[in-house]
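Listed here are the chains, written in short residue letters.
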Amino acid sequence: MAKSRCLEIIRAAAPTVSVGIVTANLLSLGSEITLLERTGTTLAHFDVMDGCFCPMMTVGPPFIKAVKTSLLKDVHLMVAEPLNKVAEYVAVGADLLTIHVETCAHVHRVLQVLGTLKNANDPERGLLRGIALNPGTPLGAIYPLLDEIEMITLLAVNPGWGGQKYIASTTDRIARVQRIIADSGKDIVLCVDGGITRNNIAEIAATGVDLIVAGSAIFDGKAPEANARFMLETVAAAKK
Ligand code: DX5
Ligand code: ZN
């Protein structure tokens, strides 16, 4: 199967940072987005929490639709039973759509459904289907889904909040998933999400992951533009 335009854009940018939008100052989201576009960021990360799969509730399709940007929309669904919900998120402009393997009995079917949907921003661009694994979820869950995904996200925190501490065992899980991907012979993007700071991003970038999600370490209420530039430059410098 030919590489999607979306995957080409990410491969060209990788390794890079996907910036957590929900931790931005939502009262001036427009200027926060413009700031990010100015820094050369490629991806905006939307944490969708439903208050069921994880205790917090954040945003939904109307919010994602309202965000007008040239950045790719990296939508991270932390919602229970996503089967009848994914089409709505694609319709409002998700370019990358990640579901959690822990959220339903029919993960394979959800991914198959996603595989039939067109990118609403640009039907030629294609859609990246991702699976996310919580820190406590065995990596074996990946194998049966390898034919239906273009991205794997390892959560380095238990989902629900920004600003949590990076769980150290994630670094070993990154290496093991890199081997799973290499053995599969497939072009699958590897992402790590949660607990990224100015102090640990260089070390995590050095593992060779393609995407690193960073939220509160960028939108710290002080210097988001300088933080974003620092993170982007540090990750780019780790390019193998
Ligand atoms: C955690 C979310 C992460 C989180 C990132 O449930 O999936 O995307 O918001 O925020 P930081 O970078 O502050 O850990
Ligand atoms: Zn996330």
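From a predicted model like this one, the values you see are computed outputs, not experimental measurements. Along each chain, residue indices are assigned from 1 in the same order as the chain's sequence is written. Both sets of labels track the order of writing: A upward for chains, 1 upward for ligands. Residues qualify for local features only when their pLDDT is at least 70, as the model is predicted, and side-chain atom pairs are given and counted only at 80 or more; totals for whole chains, interfaces and linings, by contrast, use all residues. Water and hydrogen atoms play no part in the side-chain values, which are based on all heavy atoms of the structure.

Draft legend 1. Representation of the coordination of the zinc ion (ligand 2). Binding of the zinc ion (ligand 2) to the protein goes through His45 (NE2), Asp47 (OD), His76 (ND1) and Asp193 (OD), at separations of 2.1 to 2.2 Å. In this analysis a donor is any N, O or S atom within 2.8 Å of a metal ion (3.2 Å for sodium, potassium and calcium), and since water is not included, sites may seem incomplete. Only two sets of limits are used to name each site, 85 to 135 degrees for every angle of a tetrahedral four-donor site, and over 155 degrees for opposite donors with all other angles from 65 to 115 for a square planar four-donor or octahedral six-donor site, with any other site named irregular. Geometry at the zinc ion (ligand 2) is octahedral, judged from its 6 donor atoms and the angles of 71 to 172 degrees they form at the metal. Spacing between the donor residues of the zinc ion (ligand 2) along the chain follows H-x1-D-x28-H-x116-D. With a gap of 146 residues between them, Asp47 in strand E2 (residues 43–49) and Asp193 in strand E7 (residues 189–193) connect regions that are remote in the sequence. Secondary structure elements follow DSSP: runs of H or I of four or more residues count as helices, runs of E of two or more count as strands, with numbering from the N terminus.

Draft legend 2. Expanded view of the environment of Thr41. Tracing the backbone shows Thr41 in the loop between helix H2 (29–38) and E2. Throughout this description, buried means an accessible area under 20% of the type-specific maximum (1.4 Å probe, protein chains only), exposed means over 50%, and partly exposed covers the range between. A relative accessible area of 7% places Thr41 in the buried class. Considered as a pair, Thr41 and Ile21 are 20 residues apart in the sequence and their alpha carbons are 12 Å apart. With sequence-adjacent residues up to four places away left out, Thr41 is seen in contact with Val17, Val19, Leu36, Leu71 and Leu232. Residues adjacent in sequence count toward polar contacts only when both atoms are side-chain atoms; beyond that, a polar contact is any pair of N or O atoms within 3.5 Å, and within protein one must be able to donate a hydrogen and the other to accept it. One polar contact links the side chain of Thr41 to the main-chain carbonyl oxygen of Leu36, over a distance of 3.4 Å. There is a polar contact of 2.7 Å between the side chain of Thr41 and the side chain of Thr39. Whether two residues are in contact is decided by their heavy atoms: any pair within 4.5 Å suffices.

Draft legend 3. Expanded view of the pairing of strand E8 (residues 211–214). Both faces of E8 are covered, namely the face carrying Leu211 and Val213 and the face carrying Ile212 and Ala214. Following DSSP output, two strands are said to pair if at least two bridges run between them. Looking at chain direction, strand E1 (residues 16–20) and E8 are connected through 4 bridges and run parallel. What sits directly across from Thr16, in E8, is Leu211. For E7 and E8, the ladder comprises 3 bridges, and the chain directions are parallel. Its bridge partner being in E8, Cys191 is matched across the sheet by Leu211.

Draft legend 4. Structural context of the nonpolar core. By size, the foremost hydrophobic cluster in this structure holds 65 residues, and its most contacted members are Ile131 and Ile152. In contact with Ile152, not counting residues within four places along its chain, are Ile131, Leu133, Ile142, Val177, Ile181, Ile188, Val189, Leu190 and Cys191. To qualify as a nonpolar core, a set must consist of buried Ala, Val, Leu, Ile, Met, Phe, Trp, Tyr and Cys residues joined through side-chain atoms within 4.5 Å. The next biggest cluster of nonpolar side chains, apart from the first, holds 12 residues, and it includes Cys6, Leu7, Leu43 and Val213.

Draft legend 5. The arrangement of the site of ligand 1 in detail. Surveying the vicinity of ligand 1 reveals 19 residues, the closest of which are Asp47, Gly163, Asp193, Gly215 and Ser216. Between ligand 1 and His45, the relevant distance is 3.4 Å, taken from an oxygen atom to a side-chain nitrogen or oxygen of the residue. Contact distances for ligand 1 include 2.9 Å between an oxygen atom and a backbone N or O atom of Gly195. Per-residue and other accessible areas follow the Shrake-Rupley method at a 1.4 Å probe size, with only the shown protein chains counted as cover for residues. When isolated, ligand 1 has an accessible area of 380 Å², and the protein chains bury 98% of it. Among the elements of the structure, E2, strand E3 (72–78) and E8 are those that each provide at least two residues to the shell around ligand 1. Per-element tally for the shell around ligand 1: the top contributor is E2, with 3 residues. Any residue outside Ala, Val, Leu, Ile, Met, Phe, Trp, Tyr, Cys, Pro, Asp, Glu, Lys and Arg is labelled polar, Gly included; the first ten of those are nonpolar and the last four are charged. Residues of the shell around ligand 1, tallied by class, amount to 8 nonpolar, 9 polar and 2 charged. Here a residue counts as near a molecule or strand whenever at least one of its heavy atoms sits within 4 Å of it.

Draft legend 6. Inspection of the side chain of Arg129 at higher detail. You can see Arg129 is positioned in strand E5 (residues 128–133). Each residue touching Arg129, except ones within four places of it in the same chain, is listed here: Leu97, Leu111, Leu114, Gly115, Asp147, Glu148, Ile149, Glu150 and Met151.

Draft legend 7. Structural view of the packing of H2 against helix H8 (residues 224–237). All axes are obtained by fitting lines to C-alpha atoms, using only the stretch in contact for helices, and the reported angles, taken between N-to-C directions, cover 0 to 180 degrees. Interhelical geometry of H2 versus H8 gives an angle of 35 degrees and a closest axis separation of 10 Å. Crossing of H2 over H8 shows right-handed handedness. Taken together, the residues of H8 that come into contact with H2 (itself represented by Glu32, Leu35, Leu36 and Arg38) are Pro224, Glu225, Ala228 and Arg229. Classifying every residue of the contact of H2 with H8 by side-chain character gives 4 nonpolar, no polar and 4 charged. Handedness of a crossing follows from how the near helix is turned relative to the far one, being left-handed for an anticlockwise turn of less than a right angle and right-handed for a clockwise one.

Draft legend 8. Expanded view of the environment of Asn227. By secondary structure assignment, the location of Asn227 is in helix H8. Residues Asn227 and Thr197, spaced 30 residues apart in sequence, show a C-alpha to C-alpha distance of 9.6 Å. The residues contacting Asn227, other than those within four sequence positions of it, are Arg198, Ala217, Ile218 and Asp220.

Draft legend 9. Quick look at the packing of aromatic side chains. The pairing test for Phe, Tyr and Trp rings, Trp by its six-membered ring, is centres within 6.5 Å, and the orientation test on the planes gives stacked under 30 degrees, edge-to-face over 60, and tilted for anything in between. Taken as a whole and assessed by the stated rule, the structure comprises 1 aromatic pair. Look at Phe46 and Phe63: their rings are 6.2 Å apart centre to centre, the planes differ by 75 degrees, and that puts the pair in the edge-to-face class. Of the two residues, Phe46 is situated in strand E2 and Phe63 in helix H3 (residues 61–66); the sequence distance between them amounts to 17 residues. Both residues of the pair, Phe46 and Phe63, count as buried.

All we've got here are geometric facts, nothing functional implied.
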